[in-house]
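Summary of the model geometry
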Amino acid sequence: MGSEHRKGEVLPLFETRRAEGRILYRPFAASVFVGIVAVWAYRASHMPGPGEDGRFGWIGLSLAELWFGLYWLLTQALRWNRLHRSTFKDRLSQRYENELPKVDVFVCTANHEIEPPMMVISTVLSVMAYDYPPEKLAVYLSDDGGSIFTFYALLEASRFSQHWIPFCKKFNVEPSLHFLMQKLYEEMENRITTAVELGRIPENIGSQHKGFSQWNSSSTRRDHDTILQILIDGRDPEAKDIEGCALPTLVYLAREKRPQHHHNFKAGSMNALIRVSSEISNGQVILNVDCDMYSNNSGSVRDVLCFFMDEDKGHEIAYVQFPQNCENVTKNDIYGSSLLVEFQGLDGYGGPLYIGTGCFHRRETLCGREFSKGNRIQWKKENVKDIKASADELEARMGLRHGCPVEDVITGLSILFAGWKSVYYNPTRKAFLGVAPTSLDQMLLQHKRWSEAKYGYSLAEFLCAGGTVLGWWNEQRVWLYKRTTSYLFAFVDTILGLFGFSETSFVVTNKVSAPDVSLRYEKELMEFGTSFPMFTVLATLAMINLVSLVWVAKRAVTDAGVRVFETVALQTVLCGVLVGINVPLYSALFFRQDNGKIPSSIAAKSMKTRFLEFALIVTLTSLFWSLQSVVGIRFVIDREECFSHKVEYEGDTVHFSFVVIKSEGSWHYAPDGVDLVVKGPSGDQIHDFRDKTSEKSEFMAHQKGVHHFCFTNKSPYHETIDFDVHEAHFSYYDQHAKDEHINPLLEQISKLEEALYNIQFEQHWLETQTESQAIVNEGMSKRILHKALWESAALIGASVLQVYLLRRLFERKLGTSRV
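Residues numbered from 1 in each chain as written. Predicted model: local features only at pLDDT ≥ 70, side-chain atom pairs only at ≥ 80, totals over all residues. Heavy atoms only, no water.

Let's talk about the packing of aromatic side chains
Across all of its chains, the model carries 27 aromatic pairs by this definition. Pairing Phe322 with Tyr425 gives two aromatic rings, centres 5.7 Å apart and planes at 70°, and the pair type is edge-to-face. Here Phe322, found in the loop between β11 (317-321) and β12 (325-326), pairs with Tyr425, found in the loop between β14 (421-424) and β15 (432-434); they are 103 residues apart in sequence, far enough to count as distant. Side by side, Phe322 and Tyr425 carry an identical accessibility label, which is buried. On the numbers, 5.4 Å between centres and 50° between planes, the contact of Phe709 with Phe723 is tilted. Of this pair, Phe709 sits in strand β22 (residues 705-712) while Phe723 sits in strand β23 (residues 719-728), and the two are 14 residues apart along the sequence. (Phe/Tyr/Trp six-rings, centres within 6.5 Å; stacked < 30°, edge-to-face > 60°. Helix = DSSP H or I, 4+ residues; strand = E, 2+ residues; numbered from the N terminus. Buried < 20%, exposed > 50% of the residue type's maximum accessible area, 1.4 Å probe, protein only.)

Right, here's the structure in full:
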């Protein structure tokens, strides 16, 4: 009683405690927030006005800082309330050993070529050896590829389990340790490997089980009938191991697939398993695990039941998510495969997401049951069923959400939205170990699929979670690579899918590596040895950063000296960090000679793309600044003024315009106009304009050389003139390079530049005309005002004189009448 009760209360089956370091982190986070707000305030209060230099760059930086600040705020939930969980399996055994619920384990595979049958059955054997009553354990293998080799491997595993399971329990060893039964295991492995290499099942083996007859010559991975085989029936009293103990139920399922019907990928596979298992074992708890994530902790089921069966909090919990650990992660985790920080934070706010593997569910919640405080699940109930419904009939029921490659995340969110909570549990001995990607293309492809639907602290946080300094640096590199490729491609695919231009597909990450790839992975050399489209993006961005850093260094050494860093110091530091991050990529581009280097096709393509992007950026940037600074030539003419313009190429088009802005006569507001004569290099007259206040024209230069523009003012007043001249030249690059892809693009860039300048040229001419008219209008307004004042004064004077004369006339007539 003492171990189960304390002062009359039932002791909990699990314990929750706050993570250490929260008190230190919160002041740190508050200081960062104050800094973010200060940056926002500075950006808002020092915004350059309209027309001022740097306005658009300032706006761009402000938007970037606003986004990253908001992103930082959103991610604080991961660190603000982190939790640690621990369980009490001894209390569970004391109270419920004879009332433990049934557990169904779902293992999913899809392609025997990239998910080898030996790897699949290793996972199956590991979960069959759980420290749990075998009569309450059922293991289901969903083979979405419908492979006869996977079925054969599972058949071999069912026989091997008769030796393996009692061995594990007798010597209390974890399921991942095969070496003590090496001979039996290797014999099984040789039989399976030989069949796969031969590409067929030997006749003597094919006759050993009726299940082989369900495959025929027309069966393919995407087109096959339903195949449902119970290899070990736990209800059969004859299903015993070599020591006479019961064995767990073992079932093979290949659901029906047809090319004309969408099969909903892994969600469809899981739904089929839910329906089939409900008719066989109907376990109240469901574990789903990927075929490459074998069990590494035989007590995991009991750990989970400590959460589900806790008398106080257990009724709120829908699923328990274990972390996705990988056994083949290198010391410094070159591809950033570990998730050391994220899930502890989510656990403090209702629970983590469901990530599709290593997760234990209540069957009811997985099938849509909503949370209710007063409705508790009864673990004692029994609901054993026989197989009465076909797999086709069972398909009619509902299960996981589908329609998205991350069906696991969507399903988990819907469960949490229904009022349930989830738990993240990371025991000292890892519950599951998987296979991390051993090449960069696999890692990027994996994160692309996952995405369709500060640094000082982060380093300390990473080290506290068990990482290394170099591992943290590798994680920053992978963070950069994922966000510039995987997530970008996923975003584009999603947008295209919304408009019906592409169809979402589920790509299985390859679990097989060539020996030389594995060797380079163990040495922590990044693998680039394929023509993967995302590598072109990475190489291009890396080259842009390298060229930019070299260009700044060249400016500092040869031209501006250290003054260049007065305006671009932080940008240079950031560029240097990016170059440092990309050192493995530069090595793969220029120095490595092994098969893991970047292929020459990718290197050439990235150089071309880098050149084109750099050329476009430089062109548009220089054009932008030139458009900001082009105001024409403004001068005051007395009698005659001449200007010269050198035309570099024969056949170029010369655009010119002028506007007489104003006249400087005291009473002369409207300009009289000027003459303009345009002459070529040999003195031949090209244009002759007379008495024009404004003109815009163009001509084709038949000769290269200096052209003259001479203005003549025939009025007695000085005139202010705005004059603009521009030469248009299209470069045809086949003279210099023969690349059929680059040349047209360079020509289009040149034409774009000319079109933009012509727009500015037209705009400038209209602005000067508007300015001229405004000056004329202002002068006329002043003239009218002056005239009105003079007329008013004259009228007043005439009125005064009239009064005076009338008065004198009246006085004279009055004197005459008196006489």
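A word on the side chain of Ser422
Relative to the elements of secondary structure, Ser422 occurs in strand β14. Side-chain polar atoms of Ser422 contact the backbone oxygen of Pro352, separated by 2.9 Å. Those residues within four positions of Ser422 in sequence are excluded, and the remaining contacts are Tyr319, Asp347, Gly350, Gly351, Pro352 and Leu416. (Polar contact = N/O pair within 3.5 Å; in protein donor to acceptor, adjacent residues only side chain to side chain. Contact = heavy atoms within 4.5 Å.)

Quick word on a nonpolar patch on the surface
Residues Phe33, Val34, Val37, Leu63, Leu66, Trp67, Phe68, Leu70 and Leu73 make up a contiguous nonpolar surface patch of roughly 830 Å² in combined accessible area. Elements with a contribution of two residues or more to the nonpolar patch: α1 (22-45) and α2 (55-75). When residues of the nonpolar patch are assigned to their parent elements, the largest contribution, six residues, is made by α2. Its place among the elements puts Leu63 in helix α2. Judged by its relative accessible area of 54%, Leu63 falls in the exposed class. (Patch = residues over 30% accessible without salt bridge, like charges linked within 9 Å, V, L, I, M, F, W, Y side chains within 5 Å. Areas by Shrake-Rupley, 256 points an atom, 1.4 Å probe, with all protein chains shown as cover. Salt bridge = Lys/Arg side-chain N within 4 Å of Asp/Glu carboxyl O.)

Concerning the state of the cysteines
Counted under the stated rule, the structure contains one disulfide. At a sulfur-sulfur separation of 2.2 Å, the disulfide partner of Cys642 is Cys710. Given an S-S torsion of about 115°, the disulfide between Cys642 and Cys710 has right-handed geometry. Taken together, the positions of Cys642 in strand β17 (residues 640-647) and Cys710 in strand β22 put the pair 68 residues apart, joining distant regions of the chain. (Disulfide = S-S within 2.5 Å.)

Thoughts on the sheet that holds strand β10 (residues 294-295)
The pairing of strands in a sheet happens through backbone hydrogen bonds and is either parallel or antiparallel. Spatially, β10-β15-β12 is the arrangement adopted by the three strands of the open sheet, whose pairing is mixed. Only two strands of the sheet have a single neighbouring strand rather than two, namely β10 and β12. Direction of pairing for β12 relative to β15: parallel, over a ladder of two bridges. Note that in β15 the partner of Cys326 across the bridge is Gly434. (Pairing = 2+ DSSP bridges.)

Details of unusual backbone geometry
A positive phi is found at Asn282, a non-glycine position, where the angle reads about 55°. Within the element layout of this structure, Asn282 appears in the loop between α9 (265-280) and β9 (285-290).

Let's talk about the environment of Gly680
Its location among the elements puts Gly680 in the loop between β19 (674-679) and β20 (685-692). With 26 residues separating them along the chain, Gly680 and Val706 place their C-alpha atoms 7.0 Å apart.

Observations concerning the packing of helix α5 (residues 117-128) against helix α6 (residues 148-171)
Running from N to C, α5 and α6 point in directions that differ by 35°, and their axes come no closer than 9 Å. At the point where α5 passes α6, the crossing takes the right-handed sense. Every residue of α6 that contacts α5 at Pro117, Ile121, Val124, Leu125 and Met128 is listed here: Phe149, Thr150, Ala153, Leu154, Ala157, Phe160, Ser161, Trp164 and Ile165. Residues that form the contact of α5 with α6 fall into these classes: 12 nonpolar, two polar and no charged. (Axes fitted to C-alpha atoms, helices over the stretch in contact; angles between N-to-C directions. Left-handed = near helix turned anticlockwise from the far one by under 90°. Nonpolar A, V, L, I, M, F, W, Y, C, P; charged D, E, K, R; others polar.)

Section: the pattern of salt bridges
This model, assessed by the stated rule, comprises 21 salt bridges. One salt bridge connects Asp233 with Arg235, and the closest N-O pair in it is separated by 3.1 Å. Note on Asp233: relative accessible area 23%, which makes it partly exposed. Residue Arg235 is classed as partly exposed on the basis of its relative accessible area, which comes to 37%. Note that Glu256 is salt-bridged to Arg258, the shortest N-O span being 3.0 Å. The class of Arg258 is partly exposed, set by a relative accessible area of 22%. One salt-bridge network, held together by shared partners, links Asp675, Asp688, Arg690, Asp691 and Lys714.

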